[in-house]
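# Structural features, examined
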Amino acid sequence: MTYLFRLIPLCLVLASPAQAKSPIAEILCEATPRLQEKLTRQFGAERVATGMRGPEQIMEVWSSDRGDWTMVVTYATGTSCIVAMGEDWHARTNEKSTRG
């Protein structure tokens, strides 16, 4: 019986889901000009792609010469939020321009 009681805490620890920490977990939304200034000056990024998500939102991809990229959603209210970040951004060029 004591063996069972020693095993229960171990099972509870092993059954707990692993906590993944997002690299952007600490970044909050900011006023659009302030966030754009941080991306430009602090990270050396420039806006390389944009697309409308709806009448109130624009999706933007910012990339640096090192290949780091940041996806930002900009709201009509004047606030922007980082929604994803990564590495090895490669711009694709097409001879034909397509619209989705």
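Preceding block: the structure.
Cut-offs and rules
- Residues numbered from 1 in each chain as written.
- Predicted model: local features only at pLDDT ≥ 70, side-chain atom pairs only at ≥ 80, totals over all residues.
- Heavy atoms only, no water.
- Pairing = 2+ DSSP bridges.
- Helix = DSSP H or I, 4+ residues; strand = E, 2+ residues; numbered from the N terminus.
- Disulfide = S-S within 2.5 Å.
- Phe/Tyr/Trp six-rings, centres within 6.5 Å; stacked < 30°, edge-to-face > 60°.
- Buried < 20%, exposed > 50% of the residue type's maximum accessible area, 1.4 Å probe, protein only.
- Core = buried A, V, L, I, M, F, W, Y, C linked by side-chain atoms within 4.5 Å.
- Contact = heavy atoms within 4.5 Å.
- Salt bridge = Lys/Arg side-chain N within 4 Å of Asp/Glu carboxyl O.

### Side note on the sheet that holds strand β3 (residues 57-64)
Remark on secondary structure: sheet strands pair via backbone hydrogen bonds, oriented parallel or antiparallel. Pairing in this open sheet of five strands is antiparallel, and the strands run β1-β5-β4-β3-β2 from one edge to the other. The open sheet has two edge strands, β1 (30-31) and β2 (45-54), and neither has a second partner. With six bridges connecting them, strand β4 (residues 69-75) and strand β5 (residues 79-86) associate as antiparallel partners. Note that in β5 the partner of Thr-74 across the bridge is Ser-80.

### Concerning the state of the cysteines
For the coordinates displayed, the defined rule picks out one disulfide. Across the disulfide, Cys-29 is cross-linked to Cys-81 (sulfur-sulfur distance 1.7 Å). Taking the sign of the S-S torsion, about 110 degrees here, the bridge from Cys-29 to Cys-81 comes out right-handed. A residue pair is termed long-range when its members are at least 10 positions apart, and Cys-29 in the loop between α1 (2-15) and β1 and Cys-81 in strand β5 qualify at 52 residues.

### Comments concerning the pairing of β4
Relative to β4, β3 runs antiparallel, the two sharing seven bridges. Along β4, the bridge assignment pairs Ile-58 with Thr-74. The antiparallel hairpin formed by β4 and β5 contains three residues in its connecting segment, where Gly-78 sits at a positive phi of about 100 degrees.

### Some words on the packing of aromatic side chains
Between two aromatic rings, the relevant description is the distance of the centres plus the angle of the planes. Summed over the entire model, instances satisfying the criterion amount to one aromatic pair. Between Trp-69 and Trp-89, the aromatic rings sit 6.2 Å apart at their centres with planes inclined by 55 degrees, giving tilted as the arrangement. With a gap of 20 residues between them, Trp-69 in strand β4 and Trp-89 in the segment after β5 connect regions that are remote in the sequence. Trp-89 gets classed as partly exposed once you look at its relative accessible area, which sits at 32%.

### Side note on the nonpolar core
If you look at the biggest cluster of nonpolar residues, it comprises six residues: Leu-35, Leu-39, Ala-45, Trp-62, Val-72 and Ile-82. Excluding anything up to four places from it in sequence, Leu-39 contacts Gly-44, Ala-45, Trp-62, Thr-70 and Val-72.

### Observations concerning the pattern of salt bridges
Applying the stated criterion to the full structure yields five salt bridges. Here Arg-34 makes a salt bridge to Glu-30, at a shortest N to O gap of 3.1 Å. With relative accessibility at 53%, the residue Arg-34 sits in the exposed group. When its relative accessible area of 17% is taken as the criterion, Glu-30 is described as buried.

### Description of the pairing of β5
Strand direction decides the pairing type here: β1 and β5, joined by two bridges, are antiparallel. Within β5, the residue paired with Ala-31 across the bridge is Thr-79.

By themselves these figures say nothing about function.
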